[in-house]
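Chain by chain, the residues:
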There are 2 protein chains.
Amino acid sequence: MKFGFFDDERKEYVITNPRTPRSWINYLGNTGYGAVITNNAGGYSFYRSAGQGRILRFRFNSVPADQPGRYIYLRDRATGDYWTTSWQPVAKSLDLYRSRVRFGTGYAVFESEYSEIRSEVTCFVPLGQAYEIWRIKISNKGKKKRDLSLFTYVEYPGNWNAIDDLLNLQYTQYTLQMGYEDGIIDHGTNVLIPEMPDKFEEKDQGRHTFLTLTGAEVTGFDTDREVFLGSYRTYADPLIVEQGKCTGSLAAGDNGCGTLQSDLTLAPGEEKEIAVILGVGSAAETGRKVREKYRSLSLLQDEFDEIVRYWHGRMTAFSAQTPDPAFNSMINMWFPYNSLTTFSWARAASLVYTADERDGLGYRDAMQDLIGVLHNIPEEAEERLELLITGQVSSGGAIPVIVPFSHRPDKEHPPAEEEYRADDCLWMFNVIPAYVNETGNTGFYLKVLPYADRGEDTILGHMKKAILFNLSHTGIHGLPSGLKADWNDCLRLGRDGESLFVAFQLRLALQTYAGICSRLAVSGEEEWALQTLKKLDALLDKHAWDGEWFLRAYGPGGEKYGSRENEEGNIYLN
Amino acid sequence: MKFGFFDDERKEYVITNPRTPRSWINYLGNTGYGAVITNNAGGYSFYRSAGQGRILRFRFNSVPADQPGRYIYLRDRATGDYWTTSWQPVAKSLDLYRSRVRFGTGYAVFESEYSEIRSEVTCFVPLGQAYEIWRIKISNKGKKKRDLSLFTYVEYPGNWNAIDDLLNLQYTQYTLQMGYEDGIIDHGTNVLIPEMPDKFEEKDQGRHTFLTLTGAEVTGFDTDREVFLGSYRTYADPLIVEQGKCTGSLAAGDNGCGTLQSDLTLAPGEEKEIAVILGVGSAAETGRKVREKYRSLSLLQDEFDEIVRYWHGRMTAFSAQTPDPAFNSMINMWFPYNSLTTFSWARAASLVYTADERDGLGYRDAMQDLIGVLHNIPEEAEERLELLITGQVSSGGAIPVIVPFSHRPDKEHPPAEEEYRADDCLWMFNVIPAYVNETGNTGFYLKVLPYADRGEDTILGHMKKAILFNLSHTGIHGLPSGLKADWNDCLRLGRDGESLFVAFQLRLALQTYAGICSRLAVSGEEEWALQTLKKLDALLDKHAWDGEWFLRAYGPGGEKYGSRENEEGNIYLN
């Protein structure tokens, strides 16, 4: 805790030293408009998908770290000195620059004070909206009148698809078209291609986003990154900020940025408030409308309070006070908040998951994530759970990644046989009973849902299919096959190799299934499950117990992994 | 020419102002070990493939531009002042820092002078070797003894696969293992996975590269990027250089770097020479051997001279002196040099092609590239031409991208029907006769080569198959279909739509084929070609001539593109 502390009352983590060893991130928004934001205002925004609906560009694992982001430069017109309302990217000496960053539930607040100018920037996405707001308060703490210029900075992708934007440069460096009218920047990609609203996953959608501000006059703009930064410069010393005056550049191709300039004068003690708004939609239509809505800034506090109420309301199902204040902070705020965020996107949008491999819900991950949120958001959890159950194909295995915006139950192709993970559907036995126990909704077991590919069944029927899948995919000793992976993605045992992890999952599944069938009085099933369990246990005792430990796995050729005889197998398993 | 000039005698472009508006790049090496290097020493190295055999990391379209690269920091131990032997990344004021960069044929020379220290760094790959050398000369131009420390910097990928390194961070941030012994840094990725030399395209190959230096003592090292740079710092102000002393860090996972420190003392007027060597192979085996080879530095000049002779020898087939010196520079040096480079890799390795979409030879591109080099390197051109001809499948269409290191003629799967480009194999008619005309090798037409998928034919037979492919893929008016694309990748006309570009290619093909068959006295073929041409011409006159212009295309529904009636079609064609 050298860099901050938990503020339990506000349910915030307060970062008092912005020079954290790694970027710390928070999330804004909802599963419509989402955003990642770091303690130095780095990060990106997206619509529905971090990979497929990218609104702001970010460079992963970059030097310097966590750039670019949502920057607000302040420049003293008298001296030419400039800084940012977040410590980075200008990074004034921390002897002169005071910083406090508050990560709250669905919002981030950047407080700074430098050269007698105090700023507070609150970033949040109003509930259910497809835009983000940076609410900026700037005040003069000194005794002299101050003339300041403010410059916003965001960097735009050239394509709706984030990976194309980063890598397919021979294409995406030609597909950007920036515009500006009446105080609103328009960011367009592939603007000549007709939009296909039903095909969200089409990577070349022509899309517009807007950037505007209210509460002050826009006195200039730039939209061309190279013009704003200047050659061989960085976010730490942009040419336009150094010179103090925007040039009105309009990028067409290359790299776009969103810079609006506003010139302010602050009397001693005076505070001014400005709202920057960035969101999905064209400048001419959506941008104008949204700006009009915030013509008076009085809405901002209400909408911010609503976000806080919304999130705190999602975290009320469980709380506890123990003698350990740090433990209390974790269980009452940080664990549920992170579990809820993970439920939304964490493994598709972060500083580590770049949306290259996965633009959707990993089957087993998403199942596991549910356990952490069932008690807080049972309705949303139920909806997600049903989505995942419809990701099971009629063979009993699962589609490894479910993409919510394009998933079509009853119409999906089953995965290739060699793509099945052995564990995926067995996680149903951890999650579904937990959901029923939490909600008392025992009728859920009998709800009918489609399989991913064809046919339908009760949820109990889906669960049995999961068991049958593993009973029918067995290896050389009759134990469950490891297939493409068991829970360990690096353990590729194939059809012949056998996973003890899965075998024990299957034990739990059979026991759990027996109990459910007993309670629901489904005839014959409990008996079947218990008999099958008995056979499995006999196999486990015979083949997997070495007298002291259970093995970890049998390799495809019968090699024992995790046994005392085969230490090699403990290291190299791929 | 505000940034430099052509040195015709040395066949170099000399950059006198390093602040070029964009990064300018040169290439080192061969199709084994290759490297991209910018005028500020940015860029990357690779083995056989920029995508699949990545040795140094690079961030594309980054801020600041063209980082990282091959950096040599010099630090004055008396004052703590430091700079780099290339202008970037430290970027001292150009009032104080003199820079001259010479881009030659297969080498780059960075000359600098700052605070009375002159440096000259020559980067090249010795002929046929899998390592690069940075030959460094440092001299003291002042009147005082100088104590300097030198620090190398390169940044390593965590994986052999460049895209995985950039994006699959949840994996590749765990697969790096740096080592050091006796003055040699070892960079390892996936070191626990056995190497599979026959499966070059396996992205998770365990691989080692080494970095060492000769001519001076190694006095320290660092291999952990975060340790070398320090948090929130950049290549412009690395912590280790600022502090002046390496710490011996060994990265395991995260990000690796190659920093060797050497401390030098230079008497007034004294010059010292050091060679940094970086290449494929482990420190313990290859690194030691290569360092031993360069224990005396006398080899360096010979090997450098050999590279110059080799490249200049590849550019002798055509030269001309005209009254325009700039034109002479272009046709005698820069055009052939660039054509030769393009022949090797340009569309798989550059600052724009990131190896995400294409790790191989685009069929039509590679065909066209041949035309520029046939006269200079006819044997290599013939070999490439034969490779491409074996990329034609027995239907007459082509595999759109040929990957030299994994291409297996007679065993490839044909592309899906909807993947065929309409123009690919018609480029044979531009290239094959040009090759024969250049070399006089008329027997080439009768050489038998396999198709990509099955069967074989004479090259003349391959050419006829190309014609038959387009004659059998026709649209609503009997003109050649546009398929997935004609030469314009954005023009997707499909099977029903028709491309006039391809129709005129087909005219050329038929005429050319008739001429060849006439010269080779192949019975009946000339007649067939001329008759077919006549029919095609009749169709062209009837359907494609609007009285003033030829159309550009017919869309899939018969829409006229490029006609006076359909101006829309001139804008939106995707």
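The sections below set out a description of the structure shown in this document. (Residues numbered from 1 in each chain as written. Chains lettered and ligands numbered in written order. Predicted model: local features only at pLDDT ≥ 70, side-chain atom pairs only at ≥ 80, totals over all residues. Heavy atoms only, no water.)

**Some words on the side chain of B:Gln173**
Part 1 of the reasoning: By secondary structure assignment, the location of B:Gln173 is in the loop between helix H2 (169–172) and strand S15 (176–181).
Part 2 of the reasoning: Separated by 3.3 Å, the side chains of B:Gln173 and B:Asn255 make a polar contact.
Part 3 of the reasoning: When sequence neighbours within four positions are dropped, the list of residues in contact with B:Gln173 reads A:Asn61, B:Arg57, B:Gly253, B:Asp254 and B:Asn255. (Helix = DSSP H or I, 4+ residues; strand = E, 2+ residues; numbered from the N terminus. Polar contact = N/O pair within 3.5 Å; in protein donor to acceptor, adjacent residues only side chain to side chain. Contact = heavy atoms within 4.5 Å.)

**Side note on the state of the cysteines**
All names here are of chain A.
Part 1 of the reasoning: Under the counting rule described, the total for this entry stands at zero disulfides over all chains.
Part 2 of the reasoning: Cysteine Cys257 shares no disulfide, and the gap to the nearest cysteine sulfur, in Cys246, comes to 8.3 Å.
Part 3 of the reasoning: Owing to a relative accessible area of 0%, Cys257 belongs among the buried residues under this scheme. (Disulfide = S-S within 2.5 Å. Buried < 20%, exposed > 50% of the residue type's maximum accessible area, 1.4 Å probe, protein only.)

**Things to note about the environment of B:Leu264**
All names here are of chain B.
Part 1 of the reasoning: For Leu264, the position within the fold is in strand S19 (residues 256–266).
Part 2 of the reasoning: Judged by relative accessible area, which is 2%, Leu264 ranks as buried.
Part 3 of the reasoning: Separated by 114 residues in sequence, Leu264 and Leu150 place their C-alpha atoms 7.6 Å apart.
Part 4 of the reasoning: Excluding residues within four positions of it along the chain, Leu264 makes contact with Arg77, Ile138, Arg146, Asp147, Leu148, Ala216 and Ile274.

**Examining unusual backbone geometry**
Part 1 of the reasoning: Between A:Gln67 and the following residue, A:Pro68, the backbone shows a cis peptide bond with an omega angle of -10°.
Part 2 of the reasoning: Mapped onto the elements of the fold, A:Pro68 is located in the loop between strand S6 (49–54) and strand S7 (71–76).
Part 3 of the reasoning: Notably, A:Asn61 is not glycine yet its phi reads approximately 50°, a positive angle.
Part 4 of the reasoning: Within the secondary structure layout, A:Asn61 lies in the loop between S6 and S7.
Part 5 of the reasoning: Backbone geometry places B:Ala521, a non-glycine residue, at a positive phi of 55°.

**Let's talk about the pattern of salt bridges**
Pairs can form between side chains of opposite charge once their charged atoms are near each other.
Part 1 of the reasoning: Tallied over the full model, the rule gives 68 salt bridges over all chains.
Part 2 of the reasoning: The closest approach of N and O atoms between B:Glu292 and B:Arg295, which form a salt bridge, is 3.4 Å.
Part 3 of the reasoning: Several salt bridges converge on common partners, so that one network encompasses A:Arg57, A:Arg59, A:Glu155, A:Asp165, A:Arg225 and A:Glu226. (Salt bridge = Lys/Arg side-chain N within 4 Å of Asp/Glu carboxyl O.)

**Brief notes about the packing of aromatic side chains**
Part 1 of the reasoning: Across all of its chains, the model carries 76 aromatic pairs over all chains by this definition.
Part 2 of the reasoning: Measuring from ring centre to ring centre gives 4.8 Å for A:Trp83 and A:Tyr114, while their planes differ by 50°; the resulting arrangement is tilted. Here the residue A:Trp83 occupies a position in strand S8 (residues 82–84), and A:Tyr114 occupies one in strand S10 (residues 107–114), the gap between them amounting to 31 residues. Each member of the pair A:Trp83 and A:Tyr114 is classed as buried.
Part 3 of the reasoning: Put simply, the rings of A:Phe3, A:Phe6, A:Tyr13, A:Trp24, A:Tyr310, A:Trp311, A:Trp334 and A:Tyr337 touch in pairs and so form one group of aromatic residues.
Part 4 of the reasoning: Here the basic side chain of B:Arg207 rests over the ring of B:Trp160, its NZ or CZ set 4.4 Å away from the ring centre.
Part 5 of the reasoning: For B:Lys464, the ring lying beneath its charged end belongs to B:Trp528, and the centroid distance is 4.3 Å. (Phe/Tyr/Trp six-rings, centres within 6.5 Å; stacked < 30°, edge-to-face > 60°. Lys NZ or Arg CZ within 6 Å of the ring centre and 35° of its normal.)

**Things to note about the sheet that holds strand S25 (residues 481–483) of chain A**
All names here are of chain A.
Part 1 of the reasoning: Ordered in space as S25-S26-S27-S28, the four strands form an open sheet in which the pairing is antiparallel. Strands with a single pairing partner mark the edges of an open sheet, and in this sheet they are S25 and strand S28 (560–561).
Part 2 of the reasoning: Judged from the two bridges that link them, strand S26 (residues 494–499) and strand S27 (residues 553–554) form a sheet pairing that is antiparallel. When the sheet's bridge partners are listed, Glu498 is paired in S27 with Tyr554. (Pairing = 2+ DSSP bridges.)

**Quick word on the relation of the copies chain A and chain B**
Each of the two chain copies can be brought onto the other by rotation about an axis and movement along it.
Part 1 of the reasoning: Between the two copies, chain A and chain B, the superposition gives an RMSD of 0.1 Å; the rotation angle is 180° and the shift along the axis is 0.0 Å. These values place the two chain copies in the arrangement generated by a two-fold rotation axis.
Part 2 of the reasoning: With an isologous cut-off of 70% or more, the 100% of interface residues of chain A that recur at the interface of chain B puts this contact in the isologous class. (Least-squares fit on C-alpha atoms with pLDDT ≥ 70 in both.)

**Some points on the pairing of strand S16 (residues 184–189) of chain A**
Residue and element names in this part refer to chain A.
Part 1 of the reasoning: Here S16 lies mainly inside the structure; six of its six residues are buried.
Part 2 of the reasoning: The two faces of S16 match: Ile184, Asp186 and Gly188 on one face and Ile185, His187 and Thr189 on the other face are all buried.
Part 3 of the reasoning: Where strand S15 (residues 176–181) lies against S16, six bridges are found, and the strand directions are antiparallel. In the strand pairing of S16, Gly179 is matched with Asp186.
Part 4 of the reasoning: Relative to strand S17 (residues 207–214), S16 is paired through six bridges, and the arrangement is antiparallel. Pairing of Ile185 across the sheet is with Leu211, part of S17.

**Focus: empty space enclosed by the protein**
Part 1 of the reasoning: Taken as a whole and judged by the stated rule, the model has 10 cavities of 30 Å³ or more.
Part 2 of the reasoning: Listed by contribution, the elements that provide at least two residues to the lining of the largest cavity are helix H1 (162–167) of chain A together with helix H1 (162–167) of chain B.
Part 3 of the reasoning: In terms of residue count, the dominant contributor to the lining of the largest cavity is H1(B) (three residues).
Part 4 of the reasoning: Taken together, the residues of the lining of the largest cavity sort by class into seven nonpolar, one polar and four charged.
Part 5 of the reasoning: A volume near 60 Å³ is recorded for the second largest cavity.
Part 6 of the reasoning: Residue composition of the lining of the second largest cavity, by class: seven nonpolar, two polar and one charged. (1 Å grid on protein atoms, 1.4 Å probe; cavity = no way out; pocket = protein on both sides within 12 Å on 5 of 7 lines; lining within 4 Å. Points joined across faces, edges and corners; volume = space filled by probe spheres on them. Nonpolar A, V, L, I, M, F, W, Y, C, P; charged D, E, K, R; others polar.)

Limitation: the analysis is restricted to geometry and does not speak to function.
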